[in-house]
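# Inside the fold
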Amino acid sequence: MDLKAPGNGKLCPTPREIVNGISELARGDGNLGRFGTFSAVIYDTAWLSMVYKRDRGKTSYLFTKCFDYLLETQKEDGTWTTYGSQIDGILNTLAALLSMAKRRKCISPDFKEETTLHHRIQMAQSGAQSLLQSWDVNETVHVGFEVLVTGLLRQLGLFNLHFEFPGYAKLMLLYERKMQKFSPDLIYSNKKTTILHSLEALTGMIEFDRVSHHCSEELGIFGSPAATAAYLINASKWDQRAATYLESVVTSYGNIGFAPGVLEDADDTARTLMTLKLLGQDVNPAPMIRKFEASDHFRTYEMERNPSFSANCNVLLALLELESVDQYLPQIEKTLTFLLQKWDSGEVVDKWNISPQYSAMLMTEVFVRLLKRYDAGNLQSLPLRMVQEKIPVSLCRLLLRTLWNQQKDGSWTTSLEDTSYSILIITQCLCLRWNTSLRDCLVGALSRGRGFIISQYPKDQKNYCLWIEKTTFESSFLKMAYCSIALHTTTLKHFWTQNITDCFFFPDINSKKMRNLLSALPIFVKSPLASLDLVLIEATYFSNCLKKARYSILQRDDMPMSEDKYLDYIPIIWLACNHIGGHILSSNIIRDMALLSLFNYQIDEFMESVVADLTDEKIQILVSALRDECGLNKESSLLEEARSAQPDTEQPRKRRKVRNGITHASTHPTPESVFLESVIKVLRKFIRHVLQHPAVLRSPGWVQRDLAIEVHSFLIAHINHNEDNISWLKAKQNRCNGYTSDDISRGNYFKWVHSTGSDDTSCPFSFQFFTCLISKPGETCFNGPQARYFSQCLATHLAVMCRQYNDYGSAARDAAENNLNSLDFAEFHRCSTEEMAKNKIQMDDEKPVVNENSRLNGAVSHDHLNTTPAGKAKRDLVAIAEFERESMHLALQSLSQFVQPSATMKALKVFIDVTDTFGQIYSQKDIASRKQARG
């Protein structure tokens, strides 16, 4: 059989046909090394174009067509193509520039070609500078990039071609760390090491004659065209073995498979063990474990700088196939912990494939296979939470992300290979126990994905370089193999025990109730969820975490409040908004923000029900104590203390002396002082939870202080709101005629809602806390005065809008509990004073009508509210809220010009959507608790 890549007009072969085709090739000349499937790359082409041979004083270039190809493919901006990652264009352009610089040196200055090369070199230098200027070194994962780029820059410097760029210091730091382990003797010996693969980067640093023993006709130097070319250029003697290898590379565009001289690695070893096991052979994983096991993961190879996610997946899959699987429980638990930690932190970036779906496919296979072994009675010593909570949550999230990313044509990124990975994720998950609606959703997505492959495989001409080497590349064979597996893999029904079934099953009737609520919210009308069922299953686990943390700040059951219904809604809202936001937030960030949301609700209740009962004298003492607890007094050292304190440990301490005299160590506590101290202790726990979070402590000092100020403002705003409630109640009781709120607050409505009214929503300080979570350690995502100002504008407008929508939806509850509401302010009633007095209007509980045609995300139609003065007041409030929305969007647009990378803006969008949803949900269902009479 002739194995053809996609696009040959033929249908995708079956797995059996692929195996038969390889067998036919092997029965030919027996040399599968000539079977090349790797796509050609500019980087290697540039190095081959530099190879020359001297014969009788005459220099002749060996691969002239390679140089011609460089000239043909240089782009108008002077650079060469970028395949799948930013580093591709950098390496391609720098290598091509080096080739041209070398070629120009050999040309007579008065030769016509010199003028052309001079112009091209100038263009390439400018293009390379532009690429380097925008390069985010921290985001680059390609193996050996720090050595390759540094080597090229050093060699270009010899031709007076120099570059300065923001990431240079970081690049050199990585390079120095890498080279600390390097010694020329390492490659002069017979030991195989990965640095041989990047030998071209060592030009000028080693004696190339002393590495000739690493060269072979089949592999050149370590199977690398660039390294082999550099060896041939720099060695004093011509090595025909290297030349023969390079000629075969030009002919076949690559080599694949095992061959003598290729360094063993964990990936290939694990996959070979799995293959042998499937073929019925006895396998022993002990050599793999001895060679590659590290303290908390498996290395791909020795001297590895950062671990590979896919390699650890493959090692775990190999171990899970063994009959004696329990014998390797320590290695399995270690590797599983590594994978889960990477997934929860959002750091699943593999070093061998740039497609997120590739890593997700391997992880799905690992999790499903492990659940099957566990359900069969193996691996029972694994932590129960790991098996019955963390794995199901991870599977729900990756499956939800997969469904969300499917395009209308049934594909993922219009790539055959990406689509194949995604189909295999769904195929693996279909053997789990889902409810009817979710299973139908998965089957439909699977059918559409396979339809895309069937229709596009015969005519596919697009190159999607997903595999990582020095640059990214494409393998036509791997694309064909994955397409074949995706089309021909069937899902076998599996019978699970109840323990595993319960982890994935959410009753259809409960799903329908929540769908009815969320579907009425404007944000989800605009961006429907791919699968609410998966959101609900994942939210169940987060709800359990919140329930465990329910008493960590205060004893809520002691407060006169109704049931905390919001506990189940918090994770649903965070997960749903993150879902429509493209799953930009990691599980860890969602967990931290959901927990903060819970505590915000509890503190809100605590301030309204417990603190509100304190006398004026005790309130003054509390106000002073709060400034102390937030570290805002000069004599306080809380922020400094926090940096060295254990976040989860409540250290025993002497009773503090507060300025206004709450108590002294020598005085006898009274019941009132004991009660006040218990109040302060609750708020202290809350403050410490926020200010001593690891993400906060690793933030710049000024960010920590800004957050402390916002937390303090949040708590003081609650106290001020309590006082306003009292004033409002007195005003209502004393009112004879008219409708006024002029005497109930520290100013008019505008001033109130931009201070007390918005600060006690928790939005401003939560926004600051959130930015600590999404910023890099020691940095902030808002650099510079404009970014900082616009971010504060955004938070302010968002908080005001949140207050206004919250008040719109909770008007009836606020009226019953005598809470000052936006609608109580005189601005909303002055024009209709006589009518209000005459009809004794009460605040109703009308629901808004969703306006799907509105250009604003949360806009609703309130035309039906025009009929009464109270209705008009509500309509005015919503109109003002929508003005705040527009102002927030303007601030967001301005902020986007000063914030990099784009992931930060996407994360902010999720926060905005969550805040907006909490405000909007009150228009459909009041999820807040109500005050209860004390028994």
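Residue numbers run consecutively from 1 along every chain, following the written order of its sequence. Selection of residues for local features in this predicted model requires a pLDDT of at least 70, selection of side-chain atom pairs for listing and counting requires 80 or more, and totals for whole chains, interfaces and linings are taken over all residues. Values shown for side chains rest on all heavy atoms present in the structure; no hydrogens or waters enter the calculation.

## Examining the overall build of the protein
From N to C terminus, the protein includes 38 helices and eight strands. Within the protein, the proportion of its 935 residues that are buried is 54%. Sequence separation of 24 or more characterises 77% of the internal contacts of the protein that already satisfy a separation of 6 or more. In short, Shrake-Rupley with a 1.4 Å probe defines the accessible areas, and a residue's cover is counted only from the protein chains shown. With the model as given, the accessible surface of the protein reaches about 41,400 Å², and the carbon-plus-sulfur share is 51%. Note on conventions: DSSP H or I runs of at least 4 residues are helices, E runs of at least 2 residues are strands, and numbering of each starts at the N terminus. Think of it in three bands: with a 1.4 Å probe and only protein chains considered, a residue is buried below 20% of the maximum accessible area for its type, exposed above 50%, and partly exposed in between. Whether two residues are in contact is decided by their heavy atoms: any pair within 4.5 Å suffices.

## Points about helix H25 (residues 587–609)
How far a helix is expected to stretch is found by multiplying one less than its residue total by 1.5 Å. Over its 23 residues, H25 extends 33 Å from the first C-alpha to the last, a length consistent with the 33 Å expected when each residue adds 1.5 Å. Across the 23 residues that make up H25, a large majority, 20, are buried.

## With respect to empty space enclosed by the protein
Only protein atoms enter the calculation, which uses a 1 Å grid: trapped sets of points that fit a 1.4 Å probe without letting it out are cavities, open sets showing protein on both sides within 12 Å along at least five of seven lines are pockets, and any residue with an atom within 4 Å of a point is a lining residue. Grid points are joined across faces, edges and corners, and a volume is the space filled by probe spheres set on the points. Under the definition given, this model contains three cavities of 30 Å³ or more. Here the largest cavity defines a volume of roughly 680 Å³. What lines the largest cavity is a set of 37 residues, among which Tyr601, Thr761, Ser762, Asn806 and Tyr922 lie closest to the centre. Secondary structure elements with two or more residues in the lining of the largest cavity: helix H24 (566–580), H25, helix H30 (701–734), helix H33 (763–774), helix H34 (785–809), helix H35 (811–817) and helix H38 (902–921). With eight residues, H25 is the largest single contributor of residues to the lining of the largest cavity. Gly falls in the polar group here, along with every residue not listed as nonpolar (Ala, Val, Leu, Ile, Met, Phe, Trp, Tyr, Cys, Pro) or charged (Asp, Glu, Lys, Arg). By residue class, the composition of the lining of the largest cavity is 15 nonpolar, 14 polar and eight charged. Around the second largest cavity, the lining residues are Val141, His142, Val143, Gly144, Glu146, Lys178, Tyr301, Arg305, Asn306 and Lys351. Per-class residue counts for the lining of the second largest cavity are three nonpolar, three polar and four charged.

## As for the packing of aromatic side chains
To pair, rings of Phe, Tyr and Trp, with the six-membered ring standing in for Trp, must have centres within 6.5 Å; the planes then decide the type, stacked if under 30 degrees apart, edge-to-face if over 60, and tilted in the middle. This structure, assessed with the given rule, holds 25 aromatic pairs. Between Tyr789 and Phe790 the ring centres are 6.2 Å apart and the planes differ by 75°, which places this aromatic pair in the edge-to-face class. Residue Tyr789 is classed as exposed on the basis of its relative accessible area of 53%. An aromatic cluster of three or more residues is present, and its members are Trp574, Phe767, Phe770, Phe782 and Phe911. Lysine and arginine charges are scored as sitting over a ring when NZ or CZ, respectively, is within 6 Å of the ring centre and within 35 degrees of the ring normal. Over the aromatic face of Phe67 sits the side chain of Arg103, whose NZ or CZ is 3.9 Å from the ring centroid. One cation-aromatic arrangement involves Lys874 over Tyr808; the distance from NZ or CZ to the ring centre is 4.9 Å.

## Considerations on helix H6 (residues 145–157)
At 3.6 residues per turn, the α-helix brings residues three or four places apart onto the same side. End to end, H6 covers 18 Å across 13 residues, agreeing with the expected 18 Å (1.5 Å per residue, within 8%). Within H6 the residues assigned to the buried category are Phe145, Glu146, Val147, Leu148, Val149, Thr150, Gly151, Leu152, Leu153, Gln155 and Leu156.

## Notes on the packing of helix H3 (residues 64–73) against helix H4 (residues 86–105)
In contact at an axis separation of 11 Å, H3 and H4 are set at 115° when each is read in the N-to-C sense. Handedness of the crossing formed by H3 with H4: left-handed. When H3 is examined against H4, the residues Phe67, Leu70 and Leu71 are found in contact with a partner set consisting of Ala96, Ser99, Met100 and Arg103. Looking at the contact of H3 with H4 residue by residue, the classes come out as five nonpolar, one polar and one charged. All axes are obtained by fitting lines to C-alpha atoms, using only the stretch in contact for helices, and the reported angles, taken between N-to-C directions, cover 0 to 180 degrees. Two helices cross in a left-handed way if the nearer one is turned anticlockwise from the farther one by less than a right angle. They cross in a right-handed way if the turn is clockwise.

## Description of the confidence of the model for the protein
When pLDDT is low, close inspection of the predicted coordinates is not appropriate. For every residue, the pLDDT score states the predictor's confidence, bounded by 0 at the bottom and 100 at the top. Summarising the model, the protein shows a mean pLDDT of 85, and 87% of its residues fall at 70 or more. Low pLDDT, under 50, characterises residues 635–666; the predicted model gives this stretch 52 contacts beyond four residues in sequence or across chains. This stretch, residues 836–865, has a pLDDT under 50; its non-local contacts, to residues over four places away or in other chains, come to 72 contacts.

## Section: the pattern of salt bridges
Salt-bridge detection follows one rule: a side-chain nitrogen of Lys or Arg within 4 Å of a carboxyl oxygen of Asp or Glu. Tallying each qualifying case throughout the model produces 24 salt bridges. A salt bridge links Glu264 to Lys291, with the nearest nitrogen and oxygen atoms 3.3 Å apart. Remark: Lys291 occurs in helix H12 (residues 286–292) and Glu264 occurs in the loop between helix H10 (240–252) and helix H11 (266–278); sequence separation between them is 27 residues. Residue class for Glu264 comes out partly exposed when judged on its relative accessible area of 40%. For Arg885, the salt bridge goes to Glu882, with nearest N and O atoms at 2.9 Å. One end of the pair, Arg885, and the other, Glu882, are both in helix H37 (residues 869–896), three residues apart, so they sit about a helical turn from each other. Exposure class is identical for Arg885 and Glu882. Each is buried. In this structure, a network of salt bridges that share partners links the residues Glu629, Glu677 and Arg684.

## Notes on the pairing of strand E2 (residues 58–61)
Strand pairing follows a simple DSSP-based rule, namely that at least 2 bridges must link the two strands. One ladder, built from four bridges, connects strand E1 (residues 52–55) with E2; its direction is antiparallel. Residue pairing in the sheet places Tyr52 in a bridge with Tyr61 of E2. Where E1 folds back onto E2 in an antiparallel hairpin, the turn is made up of two residues, including Arg56, whose phi is positive at roughly 55°.

## Some details on the side chain of Ser822
Mapped onto the fold, Ser822 is located in the loop between H35 and helix H36 (833–839). On the basis of relative accessibility, which here comes to 0%, the residue Ser822 falls in the buried class. The term polar contact refers here to a pair of N or O atoms within 3.5 Å; inside protein, the definition further demands a hydrogen-donor-capable atom paired with an acceptor-capable atom, and it admits residues adjacent in sequence only when both atoms are side-chain atoms. A distance of 2.9 Å separates a polar atom in the side chain of Ser822 from a polar atom in the side chain of Tyr749. Setting aside anything within four residues of it in sequence, one finds Ser822 in contact with Tyr749, Trp752, Arg803, Asp807, Phe828 and Leu877.

## Let's talk about the nonpolar core
Grouping buried Ala, Val, Leu, Ile, Met, Phe, Trp, Tyr and Cys residues that are joined through side-chain atoms within 4.5 Å yields what is termed a nonpolar core. Ranked by size, the top nonpolar core spans 285 residues in total, and within it Trp47, Leu199, Trp434, Trp574 and Phe686 carry the most contacts. Top element by residues in this core is H25. It accounts for twelve residues. For Trp434, the residues in contact, after removing those within four places along its chain, are Cys396, Leu399, Cys429, Arg439, Leu442, Phe504, Phe505, Leu534 and Ile537.

## Here's the deal with unusual backbone geometry
Leaving glycine out, the prevailing phi sign among residues is negative, and the prevailing peptide bond configuration is trans. In this structure, Phe222 is a non-glycine residue whose phi angle is positive, near 60°. Along the chain, the position of Phe222 falls in the loop between strand E4 (220–221) and helix H9 (225–234). Residue classification places Phe222 among the buried positions, given a relative accessible area of 14%. Unusually for a residue other than glycine, Asn818 sits at a positive phi of about 60°. For Asn818, the position within the fold is in the loop between H35 and H36.

## Side note on the environment of Asn722
With respect to the helices and strands, the residue Asn722 is situated in helix H30. On the basis of relative accessibility, which here comes to 10%, the residue Asn722 falls in the buried class. Along the sequence, Asn722 and Asp613 sit 109 residues apart, while their C-alpha atoms lie 9.3 Å from each other.

## Some details on the side chain of His721
Its place among the elements puts His721 in helix H30. On the accessibility criterion, His721 (8% relative accessible area) is buried. For His721, the contacting residues outside a window of four places in its chain are Trp752, Thr756, Asp760, Arg803 and Leu820.

## Overview of the environment of Arg550
Residue placement: Arg550 occurs in the loop between helix H23 (532–548) and H24. Judged by its relative accessible area of 13%, Arg550 is buried. Remark: the alpha-carbon pair of Arg550 and Gln602, spanning 52 residues in sequence, is separated by 8.9 Å. Ignoring any residue separated from it by four or fewer positions in sequence, one finds Arg550 in contact with Arg556, Asp557, Asp564, Leu567, Leu598 and Gln602. A distance of 2.6 Å separates a polar atom in the side chain of Arg550 from a polar atom in the side chain of Asp564.

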